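Notes for the structure review
So you can see what is in the structure, the chains are spelled out below.
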Amino acid sequence: MTAEIIGNLPFIVSVLMIMVGLSALLFKKNMIKMAVGLSVMGSGINIFLVATCYRFGSIAPIFTNAPLSEASKAAVEMALPVPQSLTLTSIVISLAVTALMLSLAMLAYRHSGTLDSEKSRRLKG
Amino acid sequence: MAAEIPGFSGIMATGWSPLMFIGALAIVLMLVIALRSFGKKGFKEGKFRADAFLSGNEPMEKHDVKASNFFWGFFEAFKGYYEKMLAIHTGFVNDYIFWFLFCVSLLLIALCMGVSLWA
Amino acid sequence: MTPEFISFILQNAPALCVAVPLLSAFIVPLFRKKWGKASAAFTLIALLLTECLVLSVFFSVLSGGTRVYAMGADIPERTLPSGLSVPIRIILQIDVLSAIMGLVGATIALISVLYSVQGVRDKADGKFFCLMLLMLTGFIGFVFTGDFFNIFVFFEILSISSVGLIAFWLHKQEAVEAGFKYLSISAVASLFVLLAIGLLYAQHGVLNIAAISQDVMLSGFAIVDVIALGLLAAGFLMKCGAVPMHYWVPDAYGESPEAVTAILAVASQASLYALLRVSFTMFGSFPLIDIIAWAMIILGALSLFVGSTMCLRQRDLKRLIAYGGISQTGFILVAMGAGLAAIGHPMFADFGLKAMEGGIFHMINHAFYEALLFLSAGAIIYATGTRDLDELGGLARKMPLTAILFLVGAMAMAGLPPSNGFASKILIYESVYYFNPLLAVIALVSSVIVTVPLVKAFCAVFLGPEVKKFSGIKETPKGMLLAMFLLAAIVLLFGLFPGIIVEFVARPAAEALLNWNAYWGMIL
């Protein structure tokens, strides 16, 4: 039981982070806090992606000069490279989204003098 | 004949053909022009000639109805519906995200119920 | 221009369709601010080139069937490098539906940039054209790719550049607010899509759509697939603006510059495309797909009704058109949902295929007339500086051509003959009626309701006594008129010869969606 929990810990953490991010997006009216929530949610999904590619005892997937395992003289197991590259891409994208969101929050503050998205709202209906 | 040329035929078996429609439109237009040519040649625009007859009352002054007053009766009849709809359309970002999550969870619940029924 | 060069270009056209707008997007900002005309001309040339490339891809797909293009392969058609049984390269896979979506997107981008040369103010520093080109890159990549992770990447390129364009007029508080709202909700949806992609990768170990699809349908039932399907469907339904996730649509469409709104409307069609790709090609024979079909039908019927009734309530011209657009998305969702629910049904040949043809035809038509309506609304705003229907009036005397063009767009959205909207709507009514008569009634009633606000908008803007404030205005400039004429010509031509489009484009596209074995066969 405990082994299962420890083995699945990365997934539990990622779900918790997604939940934290979503709750910030749902309940926080401050635009900066919403951006933080989105960023946390993105990190949670990145953890999920990285966790799917990990194998126990594996090394980074670099084939050049890869070490051989001592017991079987075969190559050591490597982590899957594809989700890692997905994570890298998604980090870059979430950086762009966070930066854009923060700059829009800053502009909204300049216009309305408040970061509260409900007070500065003008569009409805 | 027309039905054999691809693209010129009607798109449904029940026969909507745009070319037929254009032909009918042309006939109606010709009829309108013909009817109009029967009219009196010597018509002059004068006082009260083309005004609406409002049951003997004095003709009203011209005033234009604003767009937001159009279909007032419709909105009055559906007042309850529109009040509810406008209450939903708050324009708050948090509500937008709430509705999205609401739909995601409904869809996932429906799918999981489908799984338990199917299994 | 040797023949070898031309055949080289034609062979690599799918990759160039993405590469040309992407590279020119980063060249445009290099033009100096004074050379505003030069950057516009450069953008137009780049878009024309893209349009030609997309056209060549489109015709080769129409005549020769689905095309694949493996990025970085010595022979682009070789999708499996020697000895491998799983596609690991990034592959573009273009069937008829992707080709027609790409063509529609490239055409509308070209037309709206042509419009924006005169129609959009404060765009001197090339930022505007850069973002427009990036948006087209995202769009074409999104519809052409055969790789699931690329769908996420191009989706994000599309939405980030659209945020930049929605909030283009930073001096307006409303524009910034609309940009923030659109960004936050689309980022959440994209993260859900990414989560679903991660789940599918964890389950199947590949990212290629064809390979995932084959594994999903042949390997049987897995709960991870079900969750991924739900997340994907919800994310894409949000991005195409289905009720009750439509709140961002009027905000974003209302505040963006008009030329941008035209492309934004097409971008929402792109997410519809992704929804179809996921629900038909990837999960078509999945046991639970009926639930997704009914979700599409219910949300579509809601969109039809709420979109058209809320449209009636609007005072703002662009928000009014945006709500009309929501109700038209409902048509597509209802038609495609009916087609999806009817797969495997013995009566499918009677109404399912017709419903799908109608839905795809309506997607094409909707993109064009919505763009026409937004551009002519933009012409009104350009001339008068306001979009409040209460203030406008009597403009038909000053701008007769704009009035006619607006009327053509309004007729198409309301579904009056001989416009293209009527041709596709009648296909949808007739086929959906066999599926479920109630749905056809809802569609018909909301099509009638959506006529009313368009009549209201036309009366309020163009008819009535002359308003003193607008006594000095002139007809729309020629460049903007030309762009609108092109769209109106397409709207009327598609309405006059609907059989050609249905027979040569919509039916092959519907068949390509249904024939998932052929989709796998191209790759595996």
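Please refer to the structure placed before this passage.
Residues numbered from 1 in each chain as written. Chains lettered and ligands numbered in written order. Predicted model: local features only at pLDDT ≥ 70, side-chain atom pairs only at ≥ 80, totals over all residues. Heavy atoms only, no water.

Each helix and strand in chain A was counted, giving four helices and zero strands. For chain A, the succession of helices and strands along the chain, N to C, is α-α-α-α. A globule of 125 residues ought to have a C-alpha radius of gyration of about 14 Å, yet chain A, at 21 Å, is considerably larger. Taken along the three principal axes of its C-alpha coordinates, chain A extends 70 × 40 × 20 Å. Classification of the 125 residues of chain A by burial places 33% in the buried group. Total accessible area computed for chain A in this model is approximately 7,300 Å², and 68% of it derives from carbon and sulfur atoms. (Helix = DSSP H or I, 4+ residues; strand = E, 2+ residues; numbered from the N terminus. Rg over C-alpha atoms; globule rule 2.2 N^0.38 Å. Buried < 20%, exposed > 50% of the residue type's maximum accessible area, 1.4 Å probe, protein only. Areas by Shrake-Rupley, 256 points an atom, 1.4 Å probe, with all protein chains shown as cover.)

Attention now goes to the overall build of chain C. Counting secondary structure elements, chain C contains 20 helices and two strands. Against the 2.2 N^0.38 benchmark of 24 Å for 524 residues, chain C shows a C-alpha radius of gyration of 22 Å, consistent with a compact globule. With the C-alpha coordinates of chain C rotated into their principal frame, the extents come out at 75 × 55 × 40 Å. Evaluated residue by residue, chain C yields a buried proportion of 69% over its 524 residues. Of all intrachain contacts in chain C linking residues separated by at least 6 positions in sequence, the fraction that spans at least 24 positions is 81%. When the accessible surface of chain C is summed, it comes to about 15,600 Å², and 69% of that surface belongs to carbon and sulfur atoms. Each charge sign in chain C was given a centre, from 29 positive and 29 negative side chains, and these centres are 12 Å apart. (Contact = heavy atoms within 4.5 Å. Lys, Arg positive; Asp, Glu negative; His and termini not counted. Charge placed at Lys NZ, Arg CZ, Asp CG, Glu CD.)

As a further point, take the pattern of salt bridges. All names here are of chain C. According to the stated counting rule, one finds 15 salt bridges over all chains in the structure shown. A salt bridge links Lys469 to Glu391; the nearest nitrogen and oxygen atoms lie 3.1 Å apart. Taken together, the positions of Lys469 in the loop between α17 (437-462) and α18 (478-496) and Glu391 in the loop between α14 (348-384) and α15 (400-414) put the pair 78 residues apart, joining distant regions of the chain. In this structure, the salt-bridge partner of Lys398 is Glu466, at a minimum N-O distance of 3.6 Å. Residue Lys398 is located in the loop between α14 and α15, and its partner Glu466 is located in the loop between α17 and α18; the two are separated by 68 residues in the primary sequence. Classification of Lys398 as partly exposed rests on a relative accessible area of 24%. (Salt bridge = Lys/Arg side-chain N within 4 Å of Asp/Glu carboxyl O.)

Once that is clear, we can look at the nonpolar core. Core analysis: the largest hydrophobic core is formed by 247 residues, its most contacted members being Phe100(B), Phe142(C), Phe148(C), Phe236(C) and Phe406(C). In contact with Phe142(C), not counting residues within four places along its chain, are Ile151(C), Phe154(C), Phe155(C), Phe236(C), Ala270(C), Ser271(C), Tyr273(C) and Ala274(C). Membership of the second largest hydrophobic core comes to 13 residues, among which are Ile297(C), Ala301(C), Ala338(C) and Ala443(C). (Core = buried A, V, L, I, M, F, W, Y, C linked by side-chain atoms within 4.5 Å.)

It is worth spelling out the environment of Gly378(C) at this point. All names here are of chain C. The topology assignment puts Gly378 in helix α14. You can call Gly378 buried: its relative accessible area is 2%. Along the primary structure Gly378 and Glu258 are separated by 120 residues, whereas in three dimensions their C-alpha atoms are 5.2 Å apart. In this structure, Gly378 is in contact with Tyr115 and Glu258, ignoring residues within four places of it in sequence.

Looking now at α17(C). The end-to-end C-alpha separation of α17(C) is 38 Å, in line with the 38 Å expected for 26 residues at 1.5 Å each. Immediately downstream of α17(C), the backbone of Gly464(C) shows phi near 90°, a positive value. (Expected span 1.5 Å × (residues − 1).)

Now for the interface of chain B and chain A. The partner chain A presents 13 residues to the ten residues of chain B that form the contact. Interface of chain B and chain A: buried area, both sides summed, is about 960 Å²; carbon and sulfur atoms make up 66% of it. The three residues of chain B that bury the most area against chain A are Phe92(B), Asn94(B) and Ile97(B), which together make up 52% of that side's buried surface. Counting every contact that joins chain B to chain A gives zero salt bridges. Between the two partners, chain B and chain A, sit four residue pairs in polar contact (both at pLDDT 80 or more). (Buried area = accessible area lost by both parts, 1.4 Å probe. Polar contact = N/O pair within 3.5 Å; in protein donor to acceptor, adjacent residues only side chain to side chain.)

Our focus in this paragraph is the packing of aromatic side chains. Per the counting criterion, the structure on display carries 34 aromatic pairs over all chains. Between Phe11(A) and Phe48(A), the aromatic rings sit 5.7 Å apart at their centres with planes inclined by 65°, giving edge-to-face as the arrangement. With Phe11(A) in helix α2 (residues 9-27) and Phe48(A) in helix α3 (residues 31-53), this residue pair connects regions lying 37 residues apart in the sequence. Pairing Phe74(B) with Phe75(B) gives two aromatic rings, centres 6.1 Å apart and planes at 80°, and the pair type is edge-to-face. Using a relative accessible area of 29% as the deciding quantity, one classes Phe74(B) as partly exposed. Among the residues examined, Phe75(B) registers a relative accessible area of 15% and is labelled buried. The structure contains a cluster of three or more aromatic residues connected by ring pairs, namely Phe74(B), Phe75(B), Phe78(B), Tyr81(B), Tyr82(B) and Phe305(C). (Phe/Tyr/Trp six-rings, centres within 6.5 Å; stacked < 30°, edge-to-face > 60°.)

Moving on, we come to unusual backbone geometry. All names here are of chain C. The step from Val243 to Pro244 runs through a cis peptide bond, and the omega angle for that step is 5°. Looking at the secondary structure, you find Pro244 in the loop between α9 (223-239) and α10 (248-255). Following Pro417, the chain continues into Pro418 via a peptide bond in cis, with omega recorded as 0°. Checked against the element boundaries, Pro418 lands in the loop between α15 and α16 (420-435).

What follows is about the interface of chain B and chain C. Taken residue by residue, the interface counts 41 residues in chain B and 60 residues in chain C. Around 4,700 Å² of area is buried between chain B and chain C when both sides are counted, 83% of it from carbon and sulfur atoms. Here chain B and chain C share zero salt bridges between them. Our count for the contact surface shared by chain B and chain C stands at ten residue pairs in polar contact (both at pLDDT 80 or more). Going through the elements one at a time, α1 (18-37), α2 (72-77), α3 (79-88) and α4 (93-118) of chain B are the ones with two or more residues in the side of chain B that touches chain C. Tallying contributions element by element places α4(B) first for the side of chain B that touches chain C, with 15 residues. A class-by-class count of the residues in the side of chain B that touches chain C yields 33 nonpolar, six polar and two charged. (Nonpolar A, V, L, I, M, F, W, Y, C, P; charged D, E, K, R; others polar.)

A few words on the pairing of strand β1 (residues 67-70) of chain C. Residues and elements named next belong to chain C. Burial along β1 is two-sided: Arg67 and Tyr69 and Val68 and Ala70, pointing in opposite directions, are all buried. Two elements, β1 and strand β2 (residues 91-94), share four bridges in a ladder whose sense is antiparallel. Each residue of the ladder has a partner; that of Val68, found in β2, is Gln93. (Pairing = 2+ DSSP bridges.)

Below, the discussion takes up the state of the cysteines. Applying the stated rule across the entire model yields zero disulfides over all chains. No disulfide involves Cys112(B); its sulfur sits 16 Å from the nearest other cysteine sulfur, which is in Cys103(B). With relative accessibility at 38%, the residue Cys112(B) sits in the partly exposed group. The thiol sulfur of Cys240(C) is not disulfide-bonded, and the nearest other cysteine sulfur, from Cys103(B), lies at 11 Å. On the basis of relative accessible area, Cys240(C) is assigned to the buried category, the value being 3%. (Disulfide = S-S within 2.5 Å.)

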